[in-house]
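One-letter residues, chain by chain:
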Amino acid sequence: MIWIIAVATILTACALLYWLFITTEGLYLGRRMVVWLYDITASRYEGIKKYVVEDEELLVVEPILGYVQGDNALVVDVATGTGRVPRFLLDDSRFDGRVIGVDASRGMLRRAQLLLQPHGDRVLLVHGFAEALPLPSAICSVLSCLETLEFIPDESTALHEMVRVLKPGGTLLITRRCDREARLFFGRFRTPQQFEAFLVQHGLEYPVTHPWQSNYDLVIANKPVVR
Ligand SMILES: C[S@@+](CC[C@H](N)C(=O)[O-])C[C@H]1O[C@@H](n2cnc3c(N)ncnc32)[C@H](O)[C@@H]1O
């Protein structure tokens, strides 16, 4: 009997640790833990993600290009990681603008810096938290935040900051976690309708949810033009 209890206790502890550190990536232990986990995995991140150029053109470049306004446009990418958005966007000859990538993990930013070297001063990488973006208000016509919101403890403050940095009339492209694991983010899971309502509560309009990757939807919304 005792060994059954011991095995059950060990299995429960392992499941709890897996949920805390792998499934939810330290979210319930605070943002420092989330960022530290990215710091220590930064050198392996690209190997884990295995980006395919053709896929990224469809998933990242095409949706963003659809909203870039005018020449020399500025795109801000919040939680840029190893620079996925700036890299694939700047690699595309149709984009002649600049990108600012912000991330809280210095390890991820160091990798991004290396990978983005060929793009020179068309990209600026900035260390900072999504909840207090180190950027002026209303500077960009497109702001992206991919595969990250679910790992930010204070997602409301982060979204408020993204809306602040967008110009009136600008477009937000943000992902909603939608796989089975999304429901393990207790107290934070939102259906597409709830996620769109969450964006509207933060001052955005016309949110539309698009199927994107197997584990994420891409949700696109506008910041109203000031009248
Ligand atoms: C799953 S990666 C996504 C990176 C990139 N957007 C992509 O699609 O490849 C999540 C990124 O969010 C960053 N991050 C996590 N919490 C953050 C926060 N509060 N503020 C800014 N960056 C954060 C991590 O350092 C990590 O680089």
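Our structure's up above, just so we're on the same page.
These remarks concern the structure in this document. (Residues numbered from 1 in each chain as written. Predicted model: local features only at pLDDT ≥ 70, side-chain atom pairs only at ≥ 80, totals over all residues.)

Before going further, it helps to spend a moment on helix α1 (residues 2-23). With 22 residues, α1 should reach 32 Å at 1.5 Å per residue; the first-to-last C-alpha distance of 30 Å fits that figure. Of all 22 residues in α1, zero are buried; the element is thus mostly exposed. (Helix = DSSP H or I, 4+ residues; strand = E, 2+ residues; numbered from the N terminus. Expected span 1.5 Å × (residues − 1). Buried ≥ 20, exposed ≤ 12 C-beta atoms within 10 Å, placed from the backbone.)

Neighbouring the ligand are 20 residues; Ala79, Gly81, Ala104, Ser105 and Ala130 lie closest to it. The dominant element in the shell around the ligand, judged by the number of residues it contributes, is helix α2 (residues 31-49), at four residues. In the shell around the ligand, the residues fall into 11 nonpolar, four polar and five charged. (Near = placed C-beta within 6 Å. Nonpolar A, V, L, I, M, F, W, Y, C, P; charged D, E, K, R; others polar.)

In this section: the pairing of strand β7 (residues 216-222). Walk down a regular strand and you will see the side chains alternate between the two sheet faces. As paired strands, strand β5 (residues 166-177) and β7 are joined by seven bridges and run antiparallel to one another. Bridge pairing in β7 links arginine 177 to tyrosine 216. As paired strands, strand β6 (residues 205-213) and β7 are joined by six bridges and run antiparallel to one another. Of the residues in β7, the one forming a bridge with glutamine 213 is tyrosine 216. (Pairing = 2+ DSSP bridges.)

Our next topic: the environment of glutamate 56. Structurally, glutamate 56 is set in helix α3 (residues 53-65). By the C-beta count within 10 Å, which is 18 here, glutamate 56 ends up partly exposed. A C-alpha to C-alpha distance of 20 Å links glutamate 56 and leucine 149, two positions 93 residues apart in sequence. Those residues in contact with glutamate 56 that lie beyond four places of it in its chain are Tyr51, Val61 and Phe88. (Contact = placed C-beta atoms within 7 Å.)

Taken together, seven strands build an open sheet; the order of strands is β3-β2-β1-β4-β5-β7-β6 and the sheet is mixed. Unpaired on one side and paired on the other, β3 (123-127) and β6 mark the two borders of the sheet. Neighbour to neighbour, the strand axes of the sheet diverge by 20 degrees on average, direction disregarded. With three bridges connecting them, strand β1 (residues 74-78) and strand β4 (residues 140-145) associate as parallel partners. Each residue of the ladder has a partner; that of valine 76, found in β4, is leucine 143. In the packing of helix α7 (residues 192-201) onto the sheet, contacts are made with β5, β6 and β7, and the angle to β6 comes to roughly 135 degrees. (Axes fitted to C-alpha atoms, helices over the stretch in contact; angles between N-to-C directions.)

Okay, the environment of aspartate 103 next. In this fold, aspartate 103 is placed in strand β2 (residues 98-103). A sequence separation of 26 residues divides aspartate 103 from phenylalanine 129, and the C-alpha atoms of the two residues are 6.4 Å apart. Here aspartate 103 is in contact with Ala79, Thr80, Gly81, Met108, Leu109 and His127, once residues within four sequence places are set aside.

By size, the foremost hydrophobic cluster in this structure holds 49 residues, and its most contacted members are Val75, Val78, Leu143, Cys145, Met162 and Leu172. The element best represented in this core is helix α6 (residues 155-165), accounting for five residues. (Core = buried A, V, L, I, M, F, W, Y, C linked by C-beta atoms within 7 Å.)

Note that alanine 73 resides in the loop between α3 and β1. When near neighbours in sequence (up to four residues on either side) are disregarded, alanine 73 contacts Val68, Gly97, Ser141 and Val142.

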